[in-house]
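# A closer look at the structure
Chain residues, written in single-letter form:
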Amino acid sequence: MKKKKKSKAIVINKISKEYVLHHQKPTFFGTIFGLEKRQRFFALKDVSLKIYKGEKIGIIGSNGSGKTTLLKIAAGITTQTSGKIKAYGKVVSLIELGAGFHPELTGRENIFLNGLVIGMDKDEIKKKYDSIVEFSGLGDFIHSPLYTYSSGMSLRLGFSIAVHSNPDVLILDEEIAVGDEKFRKKSMKKINEFSRKGITIILVSHWLDYIRKNCNRIVWLEKGNIKADGGEEIIDEYVDFLKKAGKYYYVI
Amino acid sequence: MKNKKKLKHWIDFTMALTEREIKSRYKHAAFGFLWMVLNPLFQMLIIGFVFQFFIKFEIDNYFEFLFSGLLAWNFFSLSFSKAVPIFVNERYLIKKAIFPRESLVISVILSNLFHLLIGFFLFALLTMSFSFNMIWLPLGLFLLLLFTIGISILFSSLNVKYRDINFIVQAMLALWFYATPIVYSLDMIPESLGMLIYLNPLSFIVEIIRFSLSSYPISDVPIKLGVNLLISSIIFILGLVVFKNENKNFDDWM
C-alpha cells in the first residue's frame, strides 16, 4: 500500500445551503392555492474546505453560524442547495449517539438495529458484538430493555457501537463528554487511537479547551462563511471576537 | 461486489426494522398475537351483523365473503395510514443518521404482510375451502404490495413537507372503504358505473383475492389486470420520483 502524505478525506467545493424559514409549516392546500409566502435564508454560502486524512479538525463559531448544517451535509443527512461535496470512505457521525434506539427492545437487539442504521452489516455486528458490550461496560444490562437504562448508559452503548463501525471519517459533537469520568477517559483514548490510525476526526464544540487540546486544525465559521482556517491561534482570535461582541460569558 | 454488499445491507436493515415493528407491537400485549386475529374477527362480526340482518345483501356465505375482503382492506389501510406519517414520526432517526429511509415505509408494509399471511392461513383453515384457485393468490398479493408500496412512498414523502397530507389521507381512507367492494359485491352496483370502479386498484385486488380464497366468480381478468397494473405502476413510479426528490431535503422540514 502506498501512502501519500496528504490524501483527501472530504472535499467541499463552494457549498451553499438555503433554508426556507417556516414560521408555519407549509400545507399542501396552501401551496396549491398560493396562500403562503416563503422567506429564505442562507445557512452556508460558498463554503469550500479540503479535509485530509488523519486530521483532527475543530469547528468553532457562534450559534447559527452554520456548523451543524456543514456537518449534516458532510454526513449526508441533508443535501446542499448548490456546490459539490465528495467524501472518500465511510463517514460516521456521532451527532447523536444511539440514533434509532428503541425503548422496548433489549440492549442486544438495539445493538443490531443501531449498527445497521450507521451502516454496519449483520455479520460485522455479530463479530464485534462481544467487544461492543465490553467497551460499553453495561454487563448484564445488555439483556434488559432500553427503557430500564439511564441516559448515560444508552449514550455509552451508542458510543460503543459507533466506534466499532470502522469509520474513515468520524464526526463528533458536544456529546463526546458522555458517561462518567472513567468512560470519558476511555472514549477519549479511543478517539486519539483513531486519529493515530489515520482516521479523520471532525469535532464541533463550544468547549474551546477541549478543541485546543485535541485538534490540529481549527476552522472558524461565522454567518455561513469560513472566517478563518488555521492552527491554535484561531481560538484566541475567536475568543477576542466573542469578548468584543460581549458574548464571552459562556466560554470558561 | 460493492452493489451486492449494499443490497445485503439494505435487506438486513429492512428486515431488522420489520422485526422491530412486529416485536414492539406485541411486546406488552398479554395475548400477543391473538390480538391481530381478534381485531378483524370482531370487525367482521359487527359489519356482518349489520349487513346481514338489517340491510339484507344477497351474497352466499356473506361472512366468508366479508372476511376475505376485510383481510385485504385491513392490510392496505393499516399499512397506508401508518406509513404516511412515518418519516415525521421517525424524525429523530432521520435528523441524526444516514440510512436507506425507504426501508421505514417498507418495514411497516412487511410487518403488516406478515399479519396478512397469518390471516390468510387462518382463513383457509377456518373455511376449509382449499381449491385450485389458490394459485392466483400470489398474483393478488403482488398487486396489493405494488399498489400499497407505491402509494405509501408517494404520500409519506409528500407528508414531510406538507403536513396536512396525513389528515387528507385519513379522511380519504374512510371514504375509500366504501368505494371498494368489501361489504357489497360488484354486481350490486349499477352497470353505468361499469369499469369506473376499477380505477380503484383495490377493487380488482379484492376480487382476485376473493376468487382465489373462496372461488367467488370473476370475469374479464385480462383487461382488469391491465388497468390495475397500469395504474399501480404509474403511482409506484411517481412515488419513487417524488421520494427521490424530497428525500434529499427531509431533514430541512423536520
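Note: the structure precedes this text.
Residues numbered from 1 in each chain as written. Chains lettered and ligands numbered in written order. Predicted model: local features only at pLDDT ≥ 70, side-chain atom pairs only at ≥ 80, totals over all residues.

## Points about the overall build of chain B
Helices and strands together make up the secondary structure of chain B, namely 10 helices and 0 strands. Listing every helix and strand of chain B by position from the N terminus yields α-α-α-α-α-α-α-α-α-α. The C-alpha radius of gyration computed for chain B amounts to 19 Å, which stays within 12% of the reference 18 Å derived for 254 residues, consistent with globular compactness. The contacts of chain B with a sequence gap of at least 6 include a subset with a gap of at least 24, amounting to 81%. (Helix = DSSP H or I, 4+ residues; strand = E, 2+ residues; numbered from the N terminus. Rg over C-alpha atoms; globule rule 2.2 N^0.38 Å. Contact = placed C-beta atoms within 7 Å.)

## Concerning the overall build of chain A
When you go through chain A residue by residue, the secondary structure sums to 8 helices and 9 strands. Counting all 252 residues of chain A, 39% fall into the buried class. Residue pairs at least 24 apart in sequence account for 71% of intrachain contacts in chain A once pairs closer than 6 positions are excluded. (Buried ≥ 20, exposed ≤ 12 C-beta atoms within 10 Å, placed from the backbone.)

## Describing the sheet that holds strand E4 (residues 82-87) of chain A
One key point about sheets: their strands pair by backbone hydrogen bonds, in either a parallel or an antiparallel sense. Residues and elements named next belong to chain A. Read across the sheet, 3 strands follow the order E2-E1-E4 without closing on themselves; strand pairing throughout is antiparallel. Each edge of the open sheet is held by one strand with a lone partner, namely strand E2 (39-52) and E4. Ignoring strand direction, the axes of neighbouring strands in this sheet form an average angle of 20°. Sheet topology note: the strand E1 (residues 8-21)/E4 ladder contains 5 bridges and is antiparallel. Bridge pairing in E4 places Asn-13 opposite Lys-84. (Pairing = 2+ DSSP bridges. Axes fitted to C-alpha atoms, helices over the stretch in contact; angles between N-to-C directions.)

## Let's talk about the pairing of strand E9 (residues 225-230) of chain A
With 5 bridges joining them, strand E8 (residues 217-222) of chain A and E9(A) adopt antiparallel strand pairing. Each bridged residue has a counterpart across the sheet, and for A:Glu222 the counterpart in E9(A) is A:Asn225.

## Side note on the interface of chain A and chain B
Interface extent is often summarised as the accessible area lost during association of the parts. Counting residues at the interface gives 27 residues for chain A and 27 residues for chain B. Of all the secondary structure elements, the ones that give two or more residues to the side of chain A that touches chain B are helix H1 (28-32), helix H2 (67-75) and helix H3 (107-117) of chain A. Here the element with the most residues in the side of chain A that touches chain B is H3(A); it accounts for 4 residues.

## Overview of the environment of B:Leu110
One can find B:Leu110 in helix H6 (residues 102-127). Put simply, B:Leu110 and B:Met172 are 62 residues apart on the chain and 23 Å apart in space, counted from C-alpha to C-alpha.

## Description of the packing of helix H3 (residues 62-83) of chain B against helix H7 (residues 137-161) of chain B
All names here are of chain B. Packing of H3 against H7 brings their axes to within 9 Å, and their N-to-C directions diverge by 20°. The orientation of H3 relative to H7 falls into the category roughly parallel. As for how H3 packs across H7, the hand of that crossing is right-handed. Residues Ala-72, Phe-75, Phe-76, Ser-79, Phe-80 and Ala-83 of H3 form the contact with H7, whose own contacting residues are Leu-144, Thr-148, Ile-151, Ser-152 and Ser-156. (Parallel < 35°, antiparallel > 145°, perpendicular 65-115°, else oblique. Left-handed = near helix turned anticlockwise from the far one by under 90°.)

## Regarding H7(B)
In an α-helix, one full turn covers 3.6 residues, which means residues spaced three or four apart are oriented alike. Taking 1.5 Å per residue as the helical rise, H7(B) with its 25 residues ought to reach 36 Å, and the 37 Å between its terminal C-alpha atoms agrees with that figure. Of all 25 residues making up H7(B), 18 are buried, and the element is well covered by its neighbours. (Expected span 1.5 Å × (residues − 1).)

## Structural notes on the pairing of E8(A)
Residues and elements named next belong to chain A. Pairing between strand E3 (residues 56-60) and E8: 4 bridges, direction parallel. Across the sheet, residue Ile-57 finds its bridge partner in E8, namely Arg-217. Between the antiparallel neighbours E8 and E9 lie 2 residues, among them Lys-223 with a positive phi of about 50°.

## Digging into the nonpolar core
Core analysis: the biggest nonpolar cluster contains 118 residues, and A:Ile59, A:Ile171, A:Leu203, B:Ala72 and B:Ile205 have the highest contact counts within it. Ranked by residue count, the leading element in this core is H3(B), at 12 residues. Ignoring sequence-local partners within four residues, the contact set of B:Ile205 consists of B:Ala72, B:Gly140, B:Leu143, B:Leu144 and B:Phe147. (Core = buried A, V, L, I, M, F, W, Y, C linked by C-beta atoms within 7 Å.)

## Some words on the sheet that holds E9(A)
Residue and element names in this part refer to chain A. The strand order across the open sheet formed by 6 strands is E5-E6-E7-E3-E8-E9, and the pairing between neighbours is mixed. If you trace the sheet from one side to the other, it starts and ends with strand E5 (91-94) and E9, each paired once. Taken over all neighbouring pairs, the strand axes of this sheet differ in orientation by 20° on average, direction set aside. Inspection of the sheet shows E5 paired to strand E6 (residues 169-172) by 4 bridges, in the parallel sense. Looking at E6, one finds that Leu-94 is bridged to Leu-172. H2 rests against E3, E5, E6, strand E7 (200-204) and E8 of the sheet, and its axis sits at about 140° to E5.

## A short note on the environment of A:Phe241
Within the secondary structure, A:Phe241 sits in helix H8 (residues 233-244). Spatially, the C-alpha atom of A:Phe241 lies 16 Å from that of A:Gly64, the residues being 177 residues apart in sequence.

## A closer look at H3(A)
The element H3(A) is largely enclosed, with a buried count of 10 among its 11 residues. Along H3(A), the residues classified as buried are A:Gly107, A:Glu109, A:Asn110, A:Ile111, A:Phe112, A:Leu113, A:Asn114, A:Gly115, A:Leu116 and A:Val117. Lining the buried residues of H3(A) we find helix H4 (122-136) and helix H5 (151-163) of chain A together with helix H1 (2-26) and helix H5 (91-94) of chain B. Directly beyond the C-terminal end of H3(A), a positive phi value near 100° is found at A:Gly119.

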